[in-house]
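# Notes for the structure review
Take a look at the letters that make up each chain.
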Amino acid sequence: MYQEERLIGILNHLEHHQRINIETICELFDVSRDTARRDIIRLEEQGRILRTRGGAILPTLSSHVANYSERLRDEATTESKKAIGRMAATLIHDGDYLLLDASTTVQYAAESLHTQGHVVVTNSIDIADILNRKEHIDVHLLGGKLHPEHRLIYGARAMEMLSDYHVHKLLLGTCAITHDGLSNPYEEEGFLVREMMRRADQVILLADHTKFGKRQFNRISGLEPIDIIITDEEPSEEMKEALHRHEIDIIVAKGENPHD
């Protein structure tokens, strides 16, 4: 077996078991301890694992977030996000006052809205534009500083405006979620998201399966404020236990089967 094949096998094992040791690598791939160590060193040089005493783990801290356009074009998650968005739209009723954050998955929910009579507050210039084209929806776009890559409004002015509102429901995306809560790379955006949570009677989190188990620099909140989570796959048992402990309803949205 070539080294590149072993490296893929090691990463697959880590995806399912979170950690691996030298002995396990030797047994799985019938290699010497020296070869197993070289494989771990190679993966660490590629930035794909963290070496531990006698083995390796996957890094839990993620620093990269693709820009808004890249996330919309990501074919690996687009159908899942659209399914989540469609499901989220079914939880919205005529006349609901809404807060929508600047998430691509929340954008798909906005596109799927068929109800009316809403007052919507958002910090997303794209979502504001989408809803502005629908009838019988009153759109309030937060003012402040525009993030050019992520196409969202943030800053002190946005926080000030947000403090004047209260809504029925918040539709919220996330970069990362663990049993400890939600996190993202940007402190100022985190301040705004926390304030959004305070301004809603019900918090609905939209998170595809790739967001679970990730942790980023800035902790936004624990799981306590979340009422419902909509995802595309069943979370791990550990994650489900944490969600159930906080009495969070889990809804799994399935994508459309092209053969149906």
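So, how was this worked out
- Residues numbered from 1 in each chain as written.
- Predicted model: local features only at pLDDT ≥ 70, side-chain atom pairs only at ≥ 80, totals over all residues.
- Heavy atoms only, no water.
- Pairing = 2+ DSSP bridges.
- Helix = DSSP H or I, 4+ residues; strand = E, 2+ residues; numbered from the N terminus.
- Axes fitted to C-alpha atoms, helices over the stretch in contact; angles between N-to-C directions.
- Buried < 20%, exposed > 50% of the residue type's maximum accessible area, 1.4 Å probe, protein only.
- UniProt positions renumbered as here; feature names shortened; annotations may be inferred.
- Salt bridge = Lys/Arg side-chain N within 4 Å of Asp/Glu carboxyl O.
- Polar contact = N/O pair within 3.5 Å; in protein donor to acceptor, adjacent residues only side chain to side chain.
- Contact = heavy atoms within 4.5 Å.

Read from one edge of the open sheet, seven strands run E6-E5-E4-E9-E12-E14-E15, paired in parallel fashion. One side of each edge strand has no neighbouring strand; the edge strands of this open sheet are strand E6 (137-141) and strand E15 (249-252). The mean inter-strand angle of the sheet, taken between neighbouring strand axes irrespective of direction, is 20 degrees.

Along the chain, the position of histidine 150 falls in the loop between strand E7 (145-147) and strand E8 (152-154). Residue histidine 150 is classed as buried on the basis of its relative accessible area of 3%.

Taking the numbering used here, the UniProt-annotated feature "domain: HTH deoR-type" (unreviewed entry) corresponds to residues 3-58. Helix makes up 64% of residues 3-58 and strand 16%, whereas the separation of the span's terminal C-alpha atoms amounts to 19 Å.

In this section: the pattern of salt bridges. By the definition in use, this model includes 16 salt bridges. Aspartate 129 is the salt-bridge partner of arginine 133, the closest N and O atoms lying 2.4 Å from each other. When the shortest N-O distance is used, the salt bridge between arginine 199 and glutamate 195 registers 2.8 Å. On the accessibility criterion, glutamate 195 (8% relative accessible area) is buried.

Of all nine residues that make up helix H6 (residues 104-112), eight are buried, and the element is covered over most of its length. Among all positions in H6, only Thr104, Thr105, Val106, Gln107, Tyr108, Ala109, Ala110 and Ser112 are buried. The opening residue of H6 is serine 103, an N-cap whose side-chain oxygen sits 3.1 Å from the backbone nitrogen of threonine 105.

Backbone hydrogen bonds hold the strands of a sheet together, and the pairing may be parallel or antiparallel. With antiparallel pairing, the three strands of this open sheet are ordered in space as E10-E11-E13. Two strands bound the open sheet, and with one partner strand each, they are strand E10 (176-178) and strand E13 (218-221). Pairwise comparison of adjacent strand axes, ignoring direction, gives a mean angle of 35 degrees for this sheet. Examined bridge by bridge, E10 and strand E11 (residues 181-184) share three bridges and lie antiparallel to one another. Looking across to E11, one finds that isoleucine 177 is bridged to leucine 182. Of the strands in this sheet, E11 and E13 touch helix H9 (residues 187-198), which is tilted by about 5 degrees from E13.

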